[in-house]
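# A structural walkthrough
Now for the letters of each chain:
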Amino acid sequence: MEELRKLEKVQRMLEFMESRGVSNSDHHSNRFLANLILLLIEPCGDLGMNDKCCLLSQLIPALSSAFLEDAYQHHLVTTKQENSGFQQSLVGNAMRSCNQTKECSLLQSCNENTPMVGLDSMQMAKSTLEDFCRSYFMFHGLDVSKPQSIFKYLPILSFTESYIYQLDKMNEKLLQTPNNRKSISGEKDERETQVSVSYISNDSVRPLVTILKRKGLLTERIREELRHGEEYWALERKLCYALINKEEILVEDVMKAIHLKSFDYRVMNLLLYQLRGAKVEELHMEFLSISEFLVEVSDDLYDYEDDVLENNFNILRMFIRIYGASTAPAMLAKCISEAEDKYESLLKSLDPQLSLSYQKRCAEATKEGGKVSEHPLGTWNIPTVIQDEELYRLKLKSDTS
């Protein structure tokens, strides 16, 4: 809540700037100016507004790009020299800076180029990281049973997944407040929602892109997958709002969303190629893309009732709206069958040992999920459809109250 309040101040300043004509078409420039104005209006000793303006007028000519670059390098050098108590100093400096700018949060820290992740996000991302290591490392010739293989690449992979997970959770919370200004479980603060939408919609992965670029890990393909993530979140909001508000849903949007949904796995996979200095294996990427689709569908079927309750994207929910309750299961089964055919074809194209290892991993994952099946992804079990979602939620709420 505190992070959102601070984001709200920036949003209000952006609105004020626009009303006074002090803005342009570039939202990064506008956000920079908003942060600067918030800093200028903060009390600072005996300096008045006029004193601050005069000070800026005198010093602006000296603030060249070369000076700022030197200042940045000086900051890096002095920071590296603080070997003792480095983390405490960094936190202290960050907190002081945030108090001055009134712009401090986990998702948008004091410096937009310094992304931060919360411990909760790291803890909740660990199951995805474990699955990625056990399922994808084999495609890189890495032995997941050797700790050296994992810890060599874990910092970047863990940070990236945790940052993405953080944004994903923020987006899911927005789904509980559709356009009718009421959440599924009751009223919700409209301003809080507007601030969240503003942040999640305005290049929210930019800080992550910046840090990957500085580490020499950013490629155009990784950047594209991160854009796919933002596109997925936008589609998820669009489709779930449409579902709640009984608006039209296009099957093209649904299929695009389900294929985009696993973008975080593809980002981590591409990062692993970069970390290893290896060329991307296109056959592996294509095979894993089909596998990701089937896993996402399987997860949606397993989480169907929960997704109805929480208004999350779910392919079965969408198909029921598009095709009707009686036809939706058959249409979804057709999609699954077509994907399975492609999966089996690409599986045969893999190295035989890799193919066996991946099938073994799928069997392990299926068993760990509580299913026993000869099929590598488990038995397909389409749950009983919920024809009236609103009634289902009301009934569940009354049963638990």
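See the structure printed just above.
All values reported here derive from a predicted model rather than from experimental measurement.

So, how was this worked out
Residues numbered from 1 in each chain as written. Predicted model: local features only at pLDDT ≥ 70, side-chain atom pairs only at ≥ 80, totals over all residues. Heavy atoms only, no water. Helix = DSSP H or I, 4+ residues; strand = E, 2+ residues; numbered from the N terminus. Contact = heavy atoms within 4.5 Å. Areas by Shrake-Rupley, 256 points an atom, 1.4 Å probe, with all protein chains shown as cover. Core = buried A, V, L, I, M, F, W, Y, C linked by side-chain atoms within 4.5 Å. Buried < 20%, exposed > 50% of the residue type's maximum accessible area, 1.4 Å probe, protein only. Patch = residues over 30% accessible without salt bridge, like charges linked within 9 Å, V, L, I, M, F, W, Y side chains within 5 Å. Salt bridge = Lys/Arg side-chain N within 4 Å of Asp/Glu carboxyl O. Axes fitted to C-alpha atoms, helices over the stretch in contact; angles between N-to-C directions. Parallel < 35°, antiparallel > 145°, perpendicular 65-115°, else oblique. Nonpolar A, V, L, I, M, F, W, Y, C, P; charged D, E, K, R; others polar. Expected span 1.5 Å × (residues − 1). Arc of directions from axis to C-beta. Phe/Tyr/Trp six-rings, centres within 6.5 Å; stacked < 30°, edge-to-face > 60°.

### With respect to the overall build of the protein chain
Across its full length, the protein chain carries 19 helices and 2 strands. Across the protein chain, contacts joining residues at least 24 apart in sequence account for 73% of those joining residues at least 6 apart. Only carbon and sulfur atoms are counted for the fraction: they give 54% of the accessible area of the protein chain, which is about 22300 Å².

### Notes on the nonpolar core
For soluble globular proteins, the rule of thumb is that nonpolar side chains tend to be buried together. Core analysis: the biggest nonpolar cluster contains 73 residues, and Leu157, Phe287 and Phe313 have the highest contact counts within it. Here this core takes 9 residues from helix H11 (residues 220-244), the largest share from any one element. Dropping the residues within four chain positions of it, Leu157 is found in contact with Leu129, Phe132, Phe137, Met268, Leu271 and Leu272. Core analysis: the second largest hydrophobic core is formed by 6 residues, Met13, Leu14, Ala34 and Leu38 among them.

### Comments concerning a nonpolar patch on the surface
Residues Leu56, Ile60, Leu63, Phe67 and Leu68 make up a contiguous nonpolar surface patch of about 440 Å² in total accessible area. Position of Phe67 among the secondary structure elements: in helix H4 (residues 65-80).

### Let's talk about the packing of helix H6 (residues 119-136) against helix H18 (residues 352-368)
Axis separation between H6 and H18 bottoms out at 9 Å; the angle between their running directions is 150°. When the interaxial angle is binned, H6 and H18 end up roughly antiparallel. Contacts between H6 and H18 involve Asp131, Arg134 and Ser135 from the former and Tyr358, Arg361, Glu364 and Glu368 from the latter. Looking at side-chain class alone, the contact of H6 with H18 contains 1 nonpolar, 1 polar and 5 charged residues.

### What to know about helix H17 (residues 328-349)
With 22 residues, H17 extends 32 Å from end C-alpha to end C-alpha; this agrees with the ideal 32 Å at 1.5 Å per step. Along H17, the residues that are buried comprise Ala328, Leu332, Cys335, Ile336, Ala339, Glu340, Tyr343, Leu346 and Leu347. Down the axis of H17, the sector holding all buried residues measures 140°, keeping them to one side. Seen from the buried face of H17, the exposed residues on the opposite side, beyond 90 degrees, are Ala330, Asp341 and Lys348. In this fold, the buried residues of H17 make contact with helix H12 (251-260), helix H14 (282-302), helix H16 (315-323) and H18.

### So, the packing of aromatic side chains
Using the criterion set out here, one finds 11 aromatic pairs in the structure. A ring pair is formed by Phe139 and Phe287, whose centres lie 6.2 Å apart and whose planes are at 35°; its orientation type is tilted. Of the two residues, Phe139 sits in the loop between H6 and helix H7 (147-151) while Phe287 sits in helix H14, which places them 148 residues apart along the sequence. Like Phe139, the residue Phe287 is buried in the burial classification. Between Tyr232 and Phe313, the ring centres sit 6.1 Å apart and the planes meet at 85°, which makes this aromatic pair edge-to-face. Of this pair, Tyr232 sits in helix H11 while Phe313 sits in the loop between helix H15 (304-310) and H16, and the two are 81 residues apart along the sequence.

By themselves, these figures tell us nothing about what the structure is for.
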